[in-house]
Amino acid sequence: MAKEKVKHLSVVLSSVFAHAGHITKEEAKEISGLADDEFNKAYDTAAGITEKVLQTKGNRMDRFLEHFAKEIENYTDHYGGKLFS
């Protein structure tokens with residue numbers, strides 16, 4: 001289970017790069033190694049994160065890190081919501 005959650009998070013990260021125009025969606029899919037439905041879930045999550053970041057004024061990297069951290073917290077809730085204890 002943990003392996004799948006880490007894979008999801010890595011796909012969200014690579015998909016943010018795709019949404020930002022640094023790689024293509026096809027390249028993000030290739031990186032993912034996931035089935036289409038699982039990839040699309042992660043890609044949609046990345047779309048939401050990217051949209052929020054692009055609407056931000058100021059330091060967008062800080063906002064990206066905040067949103068990505070929330071996604072990590074969502075996927076580590078079975079560890080008590082903390083990646084590091």
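Not measured: the values here are computed from a predicted model.

**Quick word on the overall build of the protein**
Here's step 1: When its secondary structure is counted, the protein shows four helices and zero strands.
Here's step 2: Along the protein, from the amino end to the carboxyl end, the secondary structure elements read α-α-α-α.
Here's step 3: Counting every position in the protein, which comprises 85 residues, the buried fraction comes to 29%.
Here's step 4: Long-range pairs, those at least 24 residues apart, make up 54% of the contacts in the protein between residues at least 6 apart in sequence.

**A look at the pattern of salt bridges**
Here's step 1: Scanning all chains against the criterion turns up three salt bridges.
Here's step 2: In this structure, the salt-bridge partner of Asp-36 is Lys-29, at a minimum N-O distance of 3.4 Å.
Here's step 3: Of the charged contacts in the structure, one is a salt bridge between Glu-38 and Lys-41, with a shortest N-O distance of 3.2 Å. Separated by three residues within a single helix, Glu-38 and Lys-41 lie in helix H3 (residues 36–54), roughly one turn from each other.
Here's step 4: Accessibility expressed as a relative area gives 33% for Glu-38, which makes it partly exposed.

**A few points about the packing of helix H1 (residues 2–19) against H3**
Here's step 1: Look at H1 against H3: their axes get within 8 Å of each other, and the N-to-C directions meet at 55°. What the angle tells us is that H1 and H3 run oblique. Note on packing geometry: the crossing formed by H1 with H3 is right-handed. Residues His-8, Val-11, Val-12, Ser-15, Val-16, Ala-18 and His-19 of H1 form the contact with H3, whose participating residues are Phe-39, Lys-41, Ala-42, Tyr-43, Thr-45, Ala-46, Ala-47, Ile-49 and Thr-50.

**Brief notes about H1**
Here's step 1: Under the 1.5 Å per step criterion, the end-to-end length of H1 is 26 Å for 18 residues, consistent within 8% with the ideal 26 Å.
Here's step 2: Listed as buried for H1 are Lys-5, His-8, Leu-9, Val-11, Val-12, Ser-14, Ser-15, Val-16 and Ala-18.
Here's step 3: Packed against the buried residues of H1 are helix H2 (25–32), H3 and helix H4 (60–75).
Here's step 4: One or two steps after H1, the chain reaches Gly-21, where phi turns positive at roughly 90°.

Conventions and cut-offs
Residues numbered from 1 in each chain as written. Predicted model: local features only at pLDDT ≥ 70, side-chain atom pairs only at ≥ 80, totals over all residues. Heavy atoms only, no water. Helix = DSSP H or I, 4+ residues; strand = E, 2+ residues; numbered from the N terminus. Buried < 20%, exposed > 50% of the residue type's maximum accessible area, 1.4 Å probe, protein only. Contact = heavy atoms within 4.5 Å. Salt bridge = Lys/Arg side-chain N within 4 Å of Asp/Glu carboxyl O. Axes fitted to C-alpha atoms, helices over the stretch in contact; angles between N-to-C directions. Parallel < 35°, antiparallel > 145°, perpendicular 65-115°, else oblique. Left-handed = near helix turned anticlockwise from the far one by under 90°. Expected span 1.5 Å × (residues − 1).

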